[in-house]
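Structure assessment
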Amino acid sequence: MATLELYSRGASVWIPDPDAVWVSAQLLQDYSPGEKHLRLQLSNGKEVHYPVGSPSDLPPLGNPDILEGENDLTALSFLHEPAVLHNLRVRFLDYSSIYTYCGIVLVAINPYDQLPIYGEEVIDAYSGQDMADMEPHIFSVAEEAYRTMTREEKNQSIIISGESGSGKTVSAKFTMRYFAVVGGAAQQTSVEERVLASNPIMESIGNAKTTRNDNSSRFGKYIEIGFGRKGDITGANMRTYLLEKSRVVFQASAERNYHIFYQLCASRELPEMRSLKLDAPEHFRYTNQGGEMQIPGTDDLADLERTRNAFTILGVQPDQQMELFRILSAILYLGNVNIQATGRSSDRSYIDGDDRSLAVFSKLLGVEGPQMAHWLCHRRLAVGGEMLVKPMSGQQAVEARDALAKHIYGQLFAWTVRRLNFALRTQRGQVKSFIGVLDIYGFETFDRNSFEQFCINYANEKLQQQFNRHVFHLEQEEYVREELAWSRIEFSDNQQCISLIEGQLGLFDLLDEECRMPKGSDESWVQKLYNQHLASKPHPQFQKPRMSSSAFIILHFADTVQYECGGFLDKNRDTVLEELVNILKASQSELVAELVQQQENVPTVANGSVRLGKRATREHKLTVGFQFRQSLQMLMDTLNSTTPHYVRCIKPNDLKEPFMFDPKRTVQQLRACGVLETIRISAAGYPSRWTYEEFFSRYRVLLRGPQSQEQAQASCRRTLPQLISDPDQYCFGKTKVFFRAGQVALLERLRAERLRVAAVIIQSRSRGWLSRIRYTRILWATVTIQRYCRGALARRLALTLRYTRAALVIQKTYRMVVVRQLFLMIRQATVTIQAFTRGTLTRQRYRLLVAERAAVLLQARVRGWLARQAYRRVRAAVVFMQCCVRRRAARRELLKLKTEARSVERYRELNKGMEVKLMQLQLKADQEARESAALREALHVEREATSAELEALRATIQRLESQKHEKPQPCPVISEKEVEKRRRAEDKAALEILQLTQELQDLQREKDSFHKEREDLSARLLEQEKAQEELVHQAVSQATAALRVELDEERRKYQGLLREFTRLEQRYDNLREMSLLTERTKGHRRTDSTQSLSFEPLSPSPTPMSPQPLTPLSLSPFPSAFPSPEEVRRVSVTSPCLERRPSVWSSETPMDQLMEKMDVAKDPAVKMRGEDLAHAYDAVRVANKLLESQLRNQRSQWEEELEALRCQLSQAISGSSSAAQRQELLEAREHECVKLRRELKELRHTVSLRQLLAQALIPETLSCPSRPKLAAVTGLLECRKRDETKLLKNLITDIRADSALPLPPGLPASVLFLCVRQVDCSGDQTRARSLCSAAVTAMKAALKKHSNDADMTSLWLKNACVLHDLLTQHSPKQTLDSDELVPLTADLSDLIRALSDLCIQAYQQLLSITETRLQNIIVPALLESEIIPGLSGSAVKLGTSRKRAGSDPRAAAGDAPTMASVLRELGALHTALSHQALPPTLMEQAFHQLTYLISASSLNSLLLRKDMCCWSRGMQIRYNVSLLEEWLRSRGLQAGGAVAMLEPLIQAVQLLQAGKKTEADAQALVQTCTALSSQQIVKILTLYTPHSDLDERVTLNFIRTVQGLLKGRSDGQPPQLLMDVRRVFPVTFPYLPPTVLHAEQLVIPDSLKISFLRRA
């Protein structure tokens, strides 16, 4: 079948489109040769006719749907431009995948958005993986280069190119970051940190904002990262190319100058920057031309801070940094120097003497201002041997000023690069190979192209030639490796264009020749080009524009570019006046002078040259073009000597919009960067390549003859000529079969046709079978109907007979029922009468009994009530007496408390507002009471006066009456006056009484209102107190929860620091062993093996690994009874070998670490005499005492403040205060907490210093009050002092695994504890501490000795835990639970803490051993192994099996790890832990950590591998995970959360197996996959690839539906795609107090050789 037959009805083709470049269409009828048109239907339903002149004019065919979104463009069946463009668009827009392979090229599309695909977890996922197995990524290319370098020991290069704004710089930064992580430097000051620190510096001085990119690199750079023999980074070197110096003095509209200028202007308010006298960038000519002062989303001030930090990391001192900033500031002021024209024809110029910009410029650079002003406007000429000074016009002076600014900046840039290289330089003996990262500009074409674009496009021509030849070379290597008969593949070689530019009499040669001419000009140079390459020898790549005589056209490989000749000569010369350079040489600034002198010291500089008069002209200084050619040739030589890896960055749109795809711009860049050339070269050969096994699995339906997997190659060779008649369309290799473009689609069509024919046969047989089944069913139904009809007639007759018989039975039965009912009624009436009669008699007897019972009960209750009343009266009297006594005592206590409460100043402050208000109310009430009392007193006085007056009146009346009786004729006038007077007095008294009564009532009402207001206030206060108390409780609960979270985080950080300390300790031991080995080789005396390790310290000083007992209890993995503050990171370890003659100041003590910490030279300190060290010890002891006193004072002060805060909190809760006062209390409490945290940090810092001193020198034994002598303890083991070293050696150090593992768990620790206990009971506390410290050191040495043995590590973990629990149980600070326990007299709290750290180290070492063994088998076992046979054997993906250069070959199937390997490693760990009888909770924590590692590693690999995301693979993975689950449950490890850690992986494989079509399926997926993040769910759906014709891809509509449902779900986790494989869960050791230990309980075997111990 020919390829033309693929143009059949329904086939997909691509036709050109002016907007979308290419659009998809479908054939409506078959194509026949000779037809002039094709009937096509577009995707929008429109029908078009496509003209076809010949078969070569047929439109390109579309690829099968199964290949849509393929991650490698060379795997497409049809390789052409529309297929590449469509595949990139689908991956970029639909799958959000910015990386795609194209053979050996990685195509990277700039998303203009932050993607979470560059974290450390992604680096871990790609590290060590094959490039062909993982999703395309920049890390994959970096890993491929790194693995190829380490495996083949050959230098590598990563070439990153693309347009401005396509993401080249970011790609280069991520590449270097990957190398920094996977190749961490071995030095203490990590080189990788300095390599990464060079990025912000180069971005600030070499990047600028352009119209296409906000952070465009205006120079090219090649960074060589050197690696050592172990693959670690040892240094780096940077080379730069063609800095755009013209940007310093000119910027186009909407562009900016280099970032560093704006960063300096933004930091002008900083104190150290005020001396630069900078202003806003709008006020400088060199920064305001583009009109863009700020880039959205960037902070220039913060960027400058990062730049300064990077300078500091690279060793540039602050004074040098300020000198650098002064030069940059001077450049800005140089641009503001005002040059004015004068003279008749403006042929002269001058600068005002009081020009401020010139003055600031001269001051910043340290040059003479008048000289600079003079020579900026004049120049010196040599005429006839004499030097003449000629004034310059204003334009010439401005050009000289700008040339000087460009020259200074160029030299400053070159100096910075050299300074960076000096900081990143490596030692020659350390570098074994390097990886170069080339970040260079891509092909450029603008409306006006000048010298810069000419050089850039020339460099791209050279790189494209190297790229084409390398791709061609790889293709030919593949053919040779497969032993194919091949013919040379033709590819477009751009050597003609390169020769036009760099060849003899080429553009560069003619340009340099014109630059050497005295009166050379751009126009004359262009005429020479026309004469040479058009008239004399016409060049096919050179053309002349029709409408211009000052431009020329070059036909580059990517596009045709027209260059304007204006400015070519000046930019190529790059001159600066000699007089201005001489002024700079005389500068007072050393850096300025150095910048000028470096031009003379380095004759070949990448960024320009200086014209130094007549002599310089004769010497013909190198031009910029010549220097660029030289540097480019050096770069090409370097690239040709390395293995290149290519990254092509694509800019999807010019609007910088995230995930917006412009097909026109993309196609233009694909043509320019060589991607389509790669496709063309690949398509010219055999682009589709299958292994015989894959071809057999996919197309076995087309093969004939016997079929078996073992004979796959023979079957393919026998059948393929029958399928493809043209033998030139395929070729057989050793391991693969090769096809030309389109043949795979042909085979797919044949396969589909064969399957269709088979389906028709199956359908015909199925239909016949169904017809026969239908006939059989109809026959059976007919017979059944007849049988049922006959049976119905018979049943009807039987039913009639039954009805007759039933009527007789019913009549008989009815008559019987009537008679029986009459009988039953009579009998029922009789029985009822009898029952009522008997019931009446019984009830009468019952009532009599109830009455008698009630009387008796009533009497009993009355008597009981009387007795209880008597008892209650007696008890009430007693209780009343007690209450009186207690009330009296309570009142006294209340008075005492009130007195104390009134004395508390803080309480008065807290209740100041309420107290004032209460006092005001009380004062007001008192005042009213006083007024009321005064009124009562006045009323009383008035009443008394009235009464007296009434009495007087009565007496007068009586007297008058008596007188009347005595005198019968009284005087009537006097009597009327007295009556009137009395009447008036009575009226007046009555009125006053009425007024007083009203006032009294008013006072009473006011008093009642006051009482009511007081009650309301009290109720309100109670409510506020309750609300505030609830708020306080809520705040306390929240703070408690936050503290718990912080506690877990601190515990995790502490254990991480401890793990890092262990690693550094091991590095220290390795270095020390190397140094000891070096000393021995120089003639040092060899130490006796019996004394190579001594564990008997000569002083009671704690071991270096034993911190002071000041670590907080929360950080300890053991629930200890005594808290201690957080321990800082260790700075030293105990040396495992001592001198033969023990000495206090031996080199094995932590003195070496102290000297390193204090920057003291080591050799003089080692040679110090004993008396000098004694003086130093005395000084440090005094400092130690001072620090200890400060610690005690700070701790006591902290406790007092804490107690005061607690009192204030309790008073605030119990007292009555307003909401504002409560808020003030909380703020004060928070402020105090912040203060305490600050003091705690200072305390920890002091503690760390004290620990350092304690580790370095022997601290003075603190005298403590001796404990009372306890009773004698029996059942101990006695070890003589001279046998202690022997005991530790036989019991810990030299014990072998075969003799240690059979021991009972914890036996060495029990023996050591009994020995320490016996020494402690003897009263020698110093020796007890010494023995215990030596035991801890020996255990630590044993752990290091068995760092790869899980059994021995678990043994020493058990012994460390047992010894820790025993010492904790008998600690003097521990509350003893039994009378048999006698506490230790020595304080071993620091050693207990050291044992706690040792347990953590042993636990981490045990996990590290298992993780190391599991690391390389997790992914192959869980994801790749096929335990279920035949599940995915026939599901082979349609594509190619092309491997990339440098990829490791796959391991054989028999050697591939399986789940049995994983379970074997886990079983070994479980056996080791169980054998030592470690606590179940500890085992659960260990397997919790390991299952998390397994789940995270597997899920990360699944998210990055497209071949794993299919239904069959999901079934296989689920089965593998179920084996692991079953293994964990069978050993009872599910309680610790080990099985729960597998939930993300389980849900991921369920997602692969679930339905993915309807909206109900989407809702079910979202509800099921709760352990997966939204990004992970979408990623798995995007990667899902059907490996069978029965499966389908996940549609984009379904993915969008899932995304919409996921938006409403809050994951509560950061938007991270991959899981953190490095996450470590903190471990907590359970405290299990052992039983009372006696020597009689221990069974000590003779193999331990400790018979010298005696029972005591």
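The structure under discussion appears in the preceding block.
Basis of the calculations
Residues numbered from 1 in each chain as written. Predicted model: local features only at pLDDT ≥ 70, side-chain atom pairs only at ≥ 80, totals over all residues. Heavy atoms only, no water. Pairing = 2+ DSSP bridges. Helix = DSSP H or I, 4+ residues; strand = E, 2+ residues; numbered from the N terminus. Axes fitted to C-alpha atoms, helices over the stretch in contact; angles between N-to-C directions. Patch = residues over 30% accessible without salt bridge, like charges linked within 9 Å, V, L, I, M, F, W, Y side chains within 5 Å. Areas by Shrake-Rupley, 256 points an atom, 1.4 Å probe, with all protein chains shown as cover. Salt bridge = Lys/Arg side-chain N within 4 Å of Asp/Glu carboxyl O. Lys, Arg positive; Asp, Glu negative; His and termini not counted. Charge placed at Lys NZ, Arg CZ, Asp CG, Glu CD. Buried < 20%, exposed > 50% of the residue type's maximum accessible area, 1.4 Å probe, protein only. Expected span 1.5 Å × (residues − 1). Disulfide = S-S within 2.5 Å. Phe/Tyr/Trp six-rings, centres within 6.5 Å; stacked < 30°, edge-to-face > 60°. Contact = heavy atoms within 4.5 Å.

1. Observations concerning the sheet that holds strand β2 (residues 21-27)
Each strand in a sheet pairs with its neighbour through backbone hydrogen bonds, running either in the same direction (parallel) or in the opposite one (antiparallel). Reading across from one edge, β1-β2-β3-β4 is the order of the four strands in this open sheet, with antiparallel pairing throughout. In this open sheet, the two edge strands, each paired with only one partner strand, are β1 (12-17) and β4 (47-51). With strand direction ignored, the average angle separating the axes of adjacent strands in the sheet is 50 degrees. Direction of pairing for β1 relative to β2: antiparallel, over a ladder of six bridges. Residue pairing in the sheet places W14 in a bridge with S24 of β2.

2. Re a positive patch on the surface
A cluster of basic residues, R861, R868, R872 and R875, forms a positive patch at the surface. Structurally, R868 can be placed in helix α26 (residues 743-903). R868 gets classed as partly exposed once you look at its relative accessible area, which sits at 42%.

3. What about helix α12 (residues 394-424)?
An α-helix turns once per 3.6 residues; consequently, residues spaced three or four apart project the same way. Relative to the 45 Å expected for 31 residues at 1.5 Å per residue, α12 spans 45 Å between its end C-alpha atoms, a close match to the ideal helical length. Taking burial as the measure, the 31 residues of α12 include 25 buried ones, the bulk of the element.

4. A few points about the pattern of salt bridges
Between side chains of opposite charge, a pair can form when the charged atoms approach closely. Under the counting rule described, the total for this entry stands at 42 salt bridges. Put simply, D512 and R629 hold a salt bridge, and the shortest N to O gap is 2.9 Å. One end of the pair, D512, is in helix α15 (residues 507-516); the other, R629, is in helix α21 (residues 624-640), and 117 residues separate them in sequence. Three or more residues are tied together by salt bridges with common partners; here these are E163, K651, D654 and R665.

5. A look at the state of the cysteines
For the coordinates displayed, the defined rule picks out zero disulfides. Summary of cysteine pairing: C883 is not part of a disulfide, and the nearest cysteine sulfur, belonging to C884, is at 6.9 Å. Residue class for C883 comes out partly exposed when judged on its relative accessible area of 40%.

6. Digging into the packing of aromatic side chains
Following the criterion strictly, the structure yields 34 aromatic pairs and no others. Consider the rings of Y730 and F732, whose centres lie 5.5 Å apart with planes at 70 degrees: the pair is edge-to-face. Accessibility assignment for this pair places Y730 and F732 in one class, buried. For the pair Y1403 and F1629, a centre-to-centre distance of 6.2 Å together with 80 degrees between the ring planes defines the contact as edge-to-face. Of this pair, Y1403 sits in helix α39 (residues 1389-1415) while F1629 sits in the loop between α47 (1596-1607) and β25 (1654-1655); the two residues are 226 residues apart in sequence, bridging distant segments of the chain.

7. Section: the environment of Y730
Assignment of secondary structure puts Y730 in strand β22 (residues 730-732). Once the C-alpha coordinates of Y730 and R689 are considered, the two residues, 41 residues apart in sequence, prove to be 9.6 Å apart. Not counting residues up to four positions away in its chain, the partners in contact with Y730 are Y686, L720, P721, I724, F738 and F739.

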